[in-house]
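Architecture at a glance
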Amino acid sequence: MRRHLAALILLAAAPAEAQLCNSASVPIGPDGRALGHFPYGEAAAADLVPAAPGIALGACRLRPEAAADLQRLLTAAAGDPAVQGKLYAFSCHRSLAHQQATFCRTRQSASGSDRAISAAPPGHSEHSSGYALDFTVRPANGCPDAEACMAAKPAFRWLIANAPRFGFEMSFPISNKQNVKWEPWHWRWVGTSATAPGAARARLLFARARAAFPASPAVIPLLPKIAPPPFVPIVAPPRPETKKERRERERRERRARDRT
Ligand SMILES: [Zn+2]
């Protein structure tokens, strides 16, 4: 049932072509990608919840499972002096219209492919799924939001070291083969384990992306710790005595008795 549902989500998400600004469009590749980005359906409004107060700059709505882990992550970050500032959710779920506006806003100074690597075409953004968000940090100390300089900040080094513990992974790591710009601020939620509530659905949605272009750092499947079995030396079973050996042994035993 879940698999069927996710298949429907994927199919419903795949437009014939990605609509861009000024009615232009980009071709959809055989794997469904547009300018490197996989297609994603838009989460229904009823499936989203607002992030906890104070953890986002502006409005932030996510799937409840992702929102809960985001709150845990940001609470942990707030208690760790290594962050050297305050981490915030910066951009969370985006509607198709919002994504189109985001995409078009970046078009002025770039060619089509450049646009694609700095913002996904509408219908092809992880943000529309309700599982992805962008982080930022305050004070910004001269590094604008959604710029590579963020990667050098202590807060983002903290994210790299800790976000997977809360079920988040970096979708577009440096030098990714997906041909998507390195986005150290962009993370998607897949749950801390495959059995975490909601994780199966998220992992199914991102299955193709995760298989073809692994996130880094990624949420690693946690294998149960199994104690190794105790060491038992193998001892060969004794060889049965031959008749001759038995006669000799009995003779030795008789002689020993006779001496005592
Ligand atoms: Zn993003």
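Throughout, a residue's number is its position along its own chain's written sequence, starting from 1. The model is predicted, so local features are restricted to residues of pLDDT at least 70 and side-chain atom pairs to those at 80 or more, both for listing and for counting; the totals for chains, interfaces and linings are taken over all residues.

1. Digging into the environment of A146
This is how the line gets drawn: We count a stretch as a helix when DSSP gives it H or I for four or more residues in a row; a strand needs E for two or more, and each element gets its number in order from the N terminus.
Position of A146 among the secondary structure elements: in the loop between β6 (132–138) and α5 (154–162). For the pair A146 and D134, spaced 12 residues apart in sequence, the C-alpha to C-alpha distance is 7.7 Å.

2. Comments concerning the sheet that holds strand β7 (residues 168–170)
Here is the rule: Here a strand pair is declared whenever DSSP counts at least two bridges between the two strands. Every angle, taken between N-to-C directions, lies between 0 and 180 degrees, and every axis is a line fitted to C-alpha atoms, over only the stretch in contact when it is a helix.
The antiparallel open sheet is built from 4 strands, whose spatial order is β5-β6-β8-β7. With one partner strand each, in any of the chains shown, β5 (86–91) and β7 form the two edges of the open sheet. This sheet shows a mean twist of 40° between the axes of neighbouring strands, independent of strand direction. Where β7 meets strand β8 (residues 186–189), 3 bridges bridge the pair, whose relative direction is antiparallel. Paired with E169 across the strands is R188, a residue of β8.

3. Some remarks on α5
Basically, it comes down to this: Around each residue's C-beta, the other C-beta atoms within 10 Å are counted; 20 or more make the residue buried, 12 or fewer make it exposed, and counts in between make it partly exposed. All C-beta atoms are placed from the backbone. Here the arc refers to the directions that run from the helix axis out to each C-beta atom. By the criterion used throughout, residues are in contact when their C-beta atoms, derived from the backbone, lie within 7 Å.
Residues of α5 that are buried include every one of A155, F156, W158 and L159, and no others. Down the axis of α5, the smallest arc covering the buried residues is 150°, so these residues share one side. Residues of α5 that are buried in the fold lie against α2 (64–78), β5 and β6.

4. Considering the nonpolar core
Put simply, the rule is: Note on definitions: a nonpolar core is a set of buried residues drawn from Ala, Val, Leu, Ile, Met, Phe, Trp, Tyr and Cys, linked by C-beta atoms within 7 Å.
Among the nonpolar cores identified, the biggest contains 45 residues, and A51, L62, L70, L87, A89, L133 and F135 are the most heavily contacted of them. For this core, the elements supplying multiple residues, two or more each, are α2, β5, β6, α5, β7, β8 and α6 (199–205). In contact with L87, not counting residues within four places along its chain, are L74, A77, F135, V137 and A155.

5. Let's talk about unusual backbone geometry
Note that the residue after R138, namely P139, is joined by a cis bond; omega there is 0°. Take P139: it is sitting in the loop between β6 and α5. Between S216 and the following residue, P217, the backbone shows a cis peptide bond with an omega angle of 0°. Inspection of the secondary structure puts P217 in the loop between α7 (207–212) and α8 (243–259). Although it is not a glycine, L35 adopts a positive phi angle of roughly 50°. Along the chain, the position of L35 falls in the loop between β2 (25–26) and β3 (49–50). The class of L35 is buried, set by 23 C-beta atoms lying within 10 Å. Positive phi values are uncommon outside glycine, yet Q84 reaches one of about 50°. Looking at the secondary structure, you find Q84 in the loop between α2 and β5. What makes Q84 partly exposed here is the crowd of 14 C-beta atoms within 10 Å.

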